[in-house]
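A structural walkthrough
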Amino acid sequence: MTDERTNPTTVDAIVVGAGLAGLYATHRLHSMGLSIQCFEAGSGVGGTWFWNRYPGARCDVESLDYSFSFSPELQKEWRWTERYATQSEILLYLEHVAERYSLRQHYSFSTRIVNAQLDERSLLWTVASEDGRTWTARFVIFATGPLSTSNIPPIEGLGDFSGRILHTGQWPREEVDFAGLRVAVIGTGSSGIQAIPQIAQKARHLFVFQRTPNFSIPARNFAWDGEALDEVLGSYDTRRALSLASKAGTPHPSSPTRTFDVNDEEREALFEAAWERGGATFSKTFADQLVDPAANQYAVDFVHRKILSIVEDPEVAKKLLPIDHAIGAKRICVDIGYFETYNRDNVTLVDLNATPIETIEKTGIRTTAALYEVDDIVLATGFDALTGTLNRIDIRGRRGQLLRDVWADGPRTFLGLAVAGFPNLFIVNGPGSPSVLANMVLTAEQHVDWIANAIAYLSSSGFAGIEANVDAQDAWGDHVSATAAGTIIGKGHSWYTGANIPGKSPVFMPYVGGLDVYRARCDEIAASGYSGFTLLDAATSQGVTVGS
Ligand code: FAD
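Residues numbered from 1 in each chain as written. Predicted model: local features only at pLDDT ≥ 70, side-chain atom pairs only at ≥ 80, totals over all residues. Heavy atoms only, no water.

**Overview of the pattern of salt bridges**
The following threshold applies: Each reported salt bridge corresponds to a side-chain nitrogen of Lys or Arg within 4 Å of a carboxyl oxygen of Asp or Glu. Secondary structure follows DSSP: runs of H or I at least 4 residues long count as helices, runs of E at least 2 residues long count as strands, and numbering of each begins at the N terminus. Accessibility here uses a 1.4 Å probe with only protein chains present; expressed as a share of the type maximum, an area under 20% marks a residue as buried, one over 50% as exposed, and anything in between as partly exposed.
Under the criterion given, the structure shown has 27 salt bridges. Residues Asp-516 and Lys-247 are paired through a salt bridge, measuring 3.2 Å at the closest nitrogen-oxygen approach. Taken as a pair, Asp-516 in helix H16 (residues 515–527) and Lys-247 in the loop between helix H7 (236–244) and helix H8 (264–277) lie far apart in primary sequence, 269 residues in all. Judged by its relative accessible area of 24%, Asp-516 is partly exposed. One salt bridge connects Glu-467 with Arg-398, and the closest N-O pair in it is separated by 2.7 Å.

**Overview of the site of the ligand**
Selection rule: What makes a residue near a molecule or strand is one non-hydrogen atom of that residue sitting within 4 Å of it. Whenever two N or O atoms come within 3.5 Å, that pair is a polar contact, provided that in protein one can donate a hydrogen and the other can accept it, and provided that, for residues adjacent in sequence, both atoms are side-chain atoms. Only the protein chains shown count as cover for residues, and all accessible areas are computed by the Shrake-Rupley method using a 1.4 Å probe. All residues other than Ala, Val, Leu, Ile, Met, Phe, Trp, Tyr, Cys, Pro, Asp, Glu, Lys and Arg, Gly among them, are scored as polar; the first ten of these are nonpolar and the last four charged.
The ligand sits among 34 residues. The nearest are Glu-40, Thr-48, Asp-60, Tyr-66 and Met-440. At a separation of 3.0 Å, an oxygen atom of the ligand approaches a polar backbone atom of Val-61. Here the ligand loses 96% of its free accessible area of 980 Å² to cover by the protein chains. Among the secondary structure elements, those contributing two or more residues to the shell around the ligand are helix H1 (20–31) and helix H2 (48–51). Among the residues forming the shell around the ligand, the class breakdown is 18 nonpolar, 12 polar and 4 charged.

**Some thoughts on the packing of H8 against helix H9 (residues 293–310)**
To keep it simple, the criterion reads: Inter-axis angles, ranging from 0 to 180 degrees, are taken between N-to-C directions of lines fitted to C-alpha atoms, where helices are fitted over the stretch in contact. Oblique is the label for every angle not falling under 35 degrees (roughly parallel), over 145 degrees (roughly antiparallel), or within 65 to 115 degrees (roughly perpendicular). For a crossing to be left-handed, the near helix must be turned anticlockwise from the far one by less than a right angle; the clockwise case is right-handed. We call two residues in contact when some of their heavy atoms are within 4.5 Å.
Packing of H8 against H9 leaves a shortest axis separation of 11 Å and a crossing angle of 60°. Considered as vectors, H8 and H9 are oriented oblique to each other. As H8 packs across H9, the resulting crossing turns out to be right-handed. Residues Arg-267, Glu-268, Phe-271, Glu-272 and Trp-275 of H8 touch H9, and the partners they reach there are Tyr-298, Ala-299, Phe-302, Val-303, Arg-305, Lys-306 and Ile-310. For the contact of H8 with H9, the per-class residue count stands at 7 nonpolar, no polar and 5 charged.

**Let's talk about the packing of aromatic side chains**
Threshold: Stacked, edge-to-face and tilted are the three classes for Phe, Tyr and Trp ring pairs, Trp counted by its six-membered ring, which pair at centre distances within 6.5 Å; planes under 30 degrees apart are stacked, over 60 edge-to-face, the rest tilted.
Under the definition given, this model contains 36 aromatic pairs. Here Tyr-338 and Tyr-342 contribute two aromatic rings whose centre-to-centre distance is 5.3 Å and whose plane-to-plane angle is 85°, an arrangement assigned as edge-to-face. Pair check on accessibility: Tyr-338 and Tyr-342 agree, each one buried. A network of ring pairs unites the aromatic residues Tyr-24, Phe-68, Phe-70, Trp-78, Trp-80, Tyr-93 and Tyr-101 as a single cluster.

**Topic: the sheet that holds strand S7 (residues 164–167)**
We apply this condition: Any two strands are treated as partners once DSSP identifies two or more bridges connecting them.
Here we have 5 strands laid out as an open sheet, ordered S7-S16-S8-S9-S12, and parallel in their pairing. Two strands lie at the open edges of the sheet, namely S7 and strand S12 (347–351), each paired on one side alone. Strand-to-strand twist across the sheet, computed as the mean angle between neighbouring axes with direction ignored, equals 20°. Bridge count between strand S8 (residues 182–186) and strand S9 (residues 205–210): 5 bridges; the pairing is parallel. Within S9, the residue paired with Val-183 across the bridge is Leu-206. Strands S8, S9, S12 and strand S16 (376–379) of the sheet are contacted by helix H5 (residues 190–202), whose axis makes an angle of about 155° with S9.

**Details of helix H15 (residues 470–485)**
Test applied: Any helix carries an expected span of 1.5 Å times its number of residues minus one. Taken from the helix axis, the directions to the C-beta atoms give the arc we talk about.
Look at H15: 22 Å from first C-alpha to last across 16 residues, which is about the 22 Å you get at 1.5 Å a residue. Among the residues of H15, Ala-472, Gln-473, Trp-476, Gly-477, Val-480 and Ala-484 are the ones counted as buried. Looking down the long axis of H15, one finds its buried residues gathered within 135° of arc, a one-sided arrangement. Each element contacted by the buried residues of H15 is listed here: strand S19 (465–468) and H16.

**With respect to the pairing of S9**
Formally: We call a crossover right-handed when, viewed with the strands running away from us, the connection from the first strand over the helix to the second turns clockwise.
For S9, a buried count of 6 out of 6 residues is recorded, marking the element as mostly surrounded by other parts of the structure. Going residue by residue along S9, you find His-205, Phe-207 and Phe-209 tucked away on one face and Leu-206, Val-208 and Gln-210 tucked away on the opposite face as well. With respect to chirality, the unit in which S8 leads through H5 into the neighbouring parallel S9 is right-handed. In terms of strand pairing, S9 meets S12 through 5 bridges, oriented parallel. Residue Phe-209 lies in a different strand from S12, and its bridge partner there is Val-350.

**A look at the pairing of S16**
Residues of S16 alternate between two faces, with Asp-376 and Val-378 on one and Ile-377 and Leu-379 on the opposite face, all of them buried. Where S7 lies against S16, 4 bridges are found, and the strand directions are parallel. Within the sheet, the bridge partner assigned to Arg-164 lies in S16 and is Asp-376.

These figures come from the coordinates and say nothing about function on their own.
Structure (structure tokens):
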């Protein structure tokens, strides 16, 4: 494509990240004949599934859906063993994908990119690694993940603790043995809720430090029986078509029934059936559940009753009731035996609302009520989501402006894919796209395909660059905010709004309008010759604006 190939450090495209998005980008761009150089901070492929090795880590979208759809052969040859695969099985799958498509050869592993700088005249990007090496490319694709920067809470004294401190998102590769130990888990979001039942089975005593009780629905996980799996694999195309036409990228449609269409008895039976089916589709029991607060309250009350019936100690049960947010306003969790774990003699719940942590000391965690002496502290404190990873890289676009400065009041993107002032830079699963609100394998595939098609279009039409227009970006940002404002999820305080990170601008970051609507909009823009973007000529860095 370009004569920059003669220089070994210059390529057509750079991909940062070897999670599922980066792997697919690498495969797709290489298949187009582009010269590529790819980077990954970790020592292997897998992204989320490379880093999050904590006990109990699993996907919460069913594995048959949470897997690549781009190759019918790959899709049929991989046989998931469980409804929700474990971290190790998902990692094995992604390693298989890397092997099958010879993707590792393109990567420089254990290489963290810390800097990316645009040369405005040539429209080339130069990226630099932590160890000072540089590469130049026409296009840069940041497949760096929306949940790849761990949130380490600024608790006083954390550094003074004499035992192990483990973050669920940076779990060691070797087995962590909790046998005979006193363990503290701080955090009861998705990761904590998955890890707590597993750690409780191993530890001498487990102390759970809870600030926000969260809603969790039983996974009802099961091992696939060969014949049943064959049957599903036989109709995979239908399953995928349903997923692509849905809001969340899964084949389970929302019920058309509204909460107040049925009487109390029928409503209870429908909630009960959803609880028994298990999983995050509980949010789809009624069509109005995530929109109408009065409808949502019925779902809240149902789950409260379940918690009260499972947890034997009424005082503990009461502390576990999520009362400060609607169900679905934060990411709904999916668990295997979470609430039941509090019936164990070796588990203590510490309510941080009643007795906050004052400090961490050499031997344990001191709250306003007591010192809890522990051997290990597990931080299940989540991530600096959606913007945290990109904001830690010095990304300089036009006039040397830093992306993190442009995003100081919250991220602004066009479609979550591109940013005005940063031509030829693409983000996969970025803020302003469905990303964390949908099945992220399908959202990654859709973004990568869109980017690849845009690059092919530029090449065939003789352009060297593409840049989002400010007015199109502003209109999209307003649409993202307006869409969120009409929902329960958009009104909550959660990591979707950066509420878990002190000082982060409170902006609802993902696009809540649904994968179906979003895909159609992206397709429309591509079909129009990239309206809302300016197509650029390298020699002048001047462009042709294709409307907005
Ligand atoms: P990642 O998998 O995060 O990969 C990004 C990679 O980029 C990382 O390996 C990182 O090391 C690398 N990187 C970042 N910055 C740099 C840099 N500067 N230089 C070099 N490399 C860099 N989503 C779902 O849809 N369904 C689920 O069921 C689901 N379950 C989840 C369970 C857990 C425990 C977690 C944490 C997340 C889950 N997610 C789920 C979200 C998950 O993050 C995405 O599904 C998906 O794995 C994201 O893929 P990715 O390639 O975009 O990013």
